[in-house]
Amino acid sequence: MEKRAAPLTAAERNRRYRERQKTAEDWPERSEKIRERTRAHYAANRQAILARHKANYEANPEPQRKYSRDRAARDRREFLDAYGGRCACCGETEPRFLCLDHVNRDGVRDRAATGGRNTGIIRRLKKQGWPKDGYRLLCANCNTATAWGRVCPHQEKENSNA
Ligand SMILES: [Zn+2]
Ligand SMILES: [Zn+2]
């Protein structure tokens, strides 16, 4: 296996990043050439680069897993804020109880379109700027109770005065 330098420290990575930004501002043509070279290098070595990333991940998966976990947690907080942070039926605000409700009951199709995972839906909604049409928050109780188009007991109580 090819020998690789030790990973860069965060400070060194930042320094190099700032340097590249400066190059991009001062010499746009030069930085475009660098981008082209990087793209060409990736195109020519795609298999090897992907294999190296995979090997890195398998040797030391925790940093990437942590990155994904942190990103998912951040997205979820943003998602809950964007949709009001409370159950649309009973007003529950405990974040761990809250989930996305598809008002038009097309959740299965929606999940299938994003690889079957809710994190995929959240990332897609984020990209779309948190569309409100057809989506709302429900707590786990109200979500379960309203499955298959049934009416939540909260609403029945109000109507029957029980
Ligand atoms: Zn509720
Ligand atoms: Zn309810």
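That block above? That's the structure.
Everything in this summary refers to the structure shown in the same document. (Residues numbered from 1 in each chain as written. Chains lettered and ligands numbered in written order. Predicted model: local features only at pLDDT ≥ 70, side-chain atom pairs only at ≥ 80, totals over all residues.)

### Looking at the overall build of the chain
So, step 1. Per the secondary structure count, the chain includes 7 helices and 2 strands.
So, step 2. Each helix and strand of the chain, ordered N terminal to C terminal, gives the series α-α-α-β-α-α-β-α-α.
So, step 3. In the chain, which comprises 162 residues, the share counted as buried stands at 8%. (Helix = DSSP H or I, 4+ residues; strand = E, 2+ residues; numbered from the N terminus. Buried ≥ 20, exposed ≤ 12 C-beta atoms within 10 Å, placed from the backbone.)

### Things to note about the nonpolar core
So, step 1. Within the largest apolar cluster, 8 residues are counted, these being Cys 87, Cys 89, Leu 98, Leu 137, Leu 138, Cys 139, Cys 142 and Cys 152.
So, step 2. Among all residues touching Cys 87, those that are not within four sequence positions of it are Glu 92, Leu 98, Leu 137, Leu 138, Cys 139 and Cys 142. (Core = buried A, V, L, I, M, F, W, Y, C linked by C-beta atoms within 7 Å. Contact = placed C-beta atoms within 7 Å.)

### Points about helix 3 (residues 62–82)
So, step 1. Taking 1.5 Å as the rise per residue, helix 3 with 21 residues should run 30 Å; its terminal C-alpha atoms sit 30 Å apart, in good agreement.
So, step 2. With 1 of its 21 residues buried, helix 3 lies for the most part at the surface.
So, step 3. Phi turns positive, to about 95°, at Gly 84, one or two residues after helix 3. (Expected span 1.5 Å × (residues − 1).)

### Focus: unusual backbone geometry
So, step 1. Residue Trp 130 is not a glycine yet carries a positive backbone phi of 55°.
So, step 2. Within the fold, Trp 130 resides in the loop between helix 5 (118–127) and strand 2 (135–139).
So, step 3. In this structure, Trp 148 is a non-glycine residue whose phi angle is positive, near 60°.
So, step 4. Here Trp 148 lies in the loop between helix 6 (140–145) and helix 7 (153–160).

### Re helix 1 (residues 10–26)
So, step 1. The terminal C-alpha atoms of helix 1, which comprises 17 residues, lie 24 Å apart, in line with the 24 Å expected from a rise of 1.5 Å per residue.
So, step 2. For helix 1, the tally of buried residues reaches only 0 of 17 residues, placing the bulk of the element at the surface.

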